[in-house]
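# Commentary on secondary and tertiary structure
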Amino acid sequence: MTLTQFAIILSGLGVLVTALLSLIFLRDPQAGLVQTTHRAEKLPQVMTDRYIAMTILAVGATLYKDMAVIAVLFASFAFMAFADAWIYARSGHTCKKHLGAGFAASLVVIVALAALGQAA
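Definitions and cut-offs
- Every chain begins its residue count from 1, and numbering advances along the sequence as written.
- A pLDDT threshold of at least 70 governs which residues receive local features in this predicted model, and a stricter bar of 80 or more applies before side-chain atom pairs are shown or counted, although totals over entire chains, interfaces and linings include all residues.
- The side-chain quantities take in all heavy atoms of the structure and omit both hydrogens and water.
- A helix here means a DSSP run of H or I that spans at least four residues, while a strand means a run of E at least two residues long, and both kinds are numbered starting from the N terminus.
- Partly exposed describes any residue whose relative accessible area lies between the buried limit of under 20% and the exposed limit of over 50%, with all areas from a 1.4 Å probe on protein chains only and scaled to the type maximum.
- Should any heavy atoms of two residues lie within 4.5 Å, those residues are considered in contact.
- Every accessible area reported is derived by Shrake-Rupley at a probe size of 1.4 Å, with residue values counting cover from the shown protein chains alone.
- Positive charges are assigned to Lys and Arg, negative charges to Asp and Glu, while His and the chain termini are left out of the count.
- Charged groups are reduced to one reference atom each: NZ for lysine, CZ for arginine, CG for aspartic acid, CD for glutamic acid.
- Residue types Ala, Val, Leu, Ile, Met, Phe, Trp, Tyr and Cys, when buried and joined through side-chain atoms within 4.5 Å, form a set referred to as a nonpolar core.
- Each residue after the first adds 1.5 Å to the expected span of a helix.
- The rule for a salt bridge is simple: a side-chain nitrogen of Lys or Arg has to be within 4 Å of a carboxyl oxygen of Asp or Glu.
- Each Phe, Tyr or Trp ring (for Trp, its six-membered ring) is paired with any other whose centre lies within 6.5 Å, and the angle between the two planes then decides the class: stacked below 30 degrees, edge-to-face above 60, tilted in between.

Attention now moves to the overall build of the chain. A tally of regular secondary structure across the chain gives five helices and zero strands. Reading the secondary structure of the chain in the N-to-C direction produces α-α-α-α-α. Dimensions along the principal axes, computed over C-alpha positions, put the chain at roughly 45 × 40 × 25 Å. Relative to its 120 residues, the chain shows a buried fraction of 17%. Sequence-distant contacts, at least 24 apart, represent 36% of the contacts inside the chain between residues at least 6 apart. Accessible surface, the chain: about 9,200 Å² in total, of which carbon and sulfur atoms supply 73%. For the chain, the distance from the average position of its 8 positive side-chain charges to the average position of its 5 negative side-chain charges is 5 Å.

Structure below.
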């Protein structure tokens, strides 16, 4: 087995664990918090970490210059923004900034996919 194959296997396992945690949170957010040992009152600090991580991912994808990587990354950003907008809109709060972020990320996806099509 090569290191590349091993890295792909480990990445796949990471996908499975993350997907499982997503399902736990989807089914029962409180159980998700317990499973991950996150605490609701620490959400502001956790969000800081998340935004730093998203910035690092975006910088990496941009420097790597792979349109497929950029499209997938910004599609996930768009999903997060639209999902947050939906959560806030349903509870009667403003969601304009989240919608704006979702549309901006979607624009990146569209342009990256168009660039992929142009290169083919």
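A few words now on the nonpolar core. In this structure, Met-54, Ala-58, Ala-61, Ile-70, Ala-71, Leu-73, Phe-74, Phe-77, Ala-78, Ala-105, Val-109 and Ala-112 together form the largest nonpolar core, which totals 12 residues. Those elements giving two or more residues to this core turn out to be helix H3 (43-64), helix H4 (67-90) and helix H5 (96-119). Dropping the residues within four chain positions of it, Ala-105 is found in contact with Phe-74, Phe-77 and Ala-78.

Further remarks concern H5. A rise of 1.5 Å per residue sets the reference length of H5, with its 24 residues, at 34 Å; its end C-alpha atoms lie 35 Å apart and thus fit the reference within 8%. Buried-residue contacts for H5 involve H4.

Turning our eyes to something else, we now look at the pattern of salt bridges. Applying the stated criterion across every chain yields a total of one salt bridge. With a closest N to O distance of 2.6 Å, Arg-39 and Glu-41 form a salt bridge. Taking the relative accessible area as the measure of exposure, Arg-39 reaches 54% and is therefore exposed.

What follows is about H3. Relative to the 32 Å expected for 22 residues at 1.5 Å per residue, H3 spans 31 Å between its end C-alpha atoms, a close match to the ideal helical length. Turning to H3, the residues buried within the fold contact H4. Downstream of H3 by a residue or two, Lys-65 has a phi angle that is positive, lying close to 65°.

Attention shifts here to the environment of Ala-105. With respect to the helices, strands and loops of the structure, Ala-105 is situated in helix H5. On the accessibility criterion, Ala-105 (6% relative accessible area) is buried. Residues Ala-105 and Gly-60, spaced 45 residues apart in sequence, show a C-alpha to C-alpha distance of 16 Å.

Moving on, we come to the packing of aromatic side chains. Taken as a whole and assessed by the stated rule, the structure comprises two aromatic pairs. Aromatic side chains Phe-74 and Phe-77 sit 5.1 Å apart centroid to centroid with 75° between the ring planes, which places their arrangement in the edge-to-face category. Taken together, the residues Phe-74 and Phe-77, both in helix H4 and three residues apart, mark about one turn of the helix. Judged by centre distance (5.1 Å) and plane angle (75°), the ring pair of Phe-82 and Phe-103 falls under edge-to-face.

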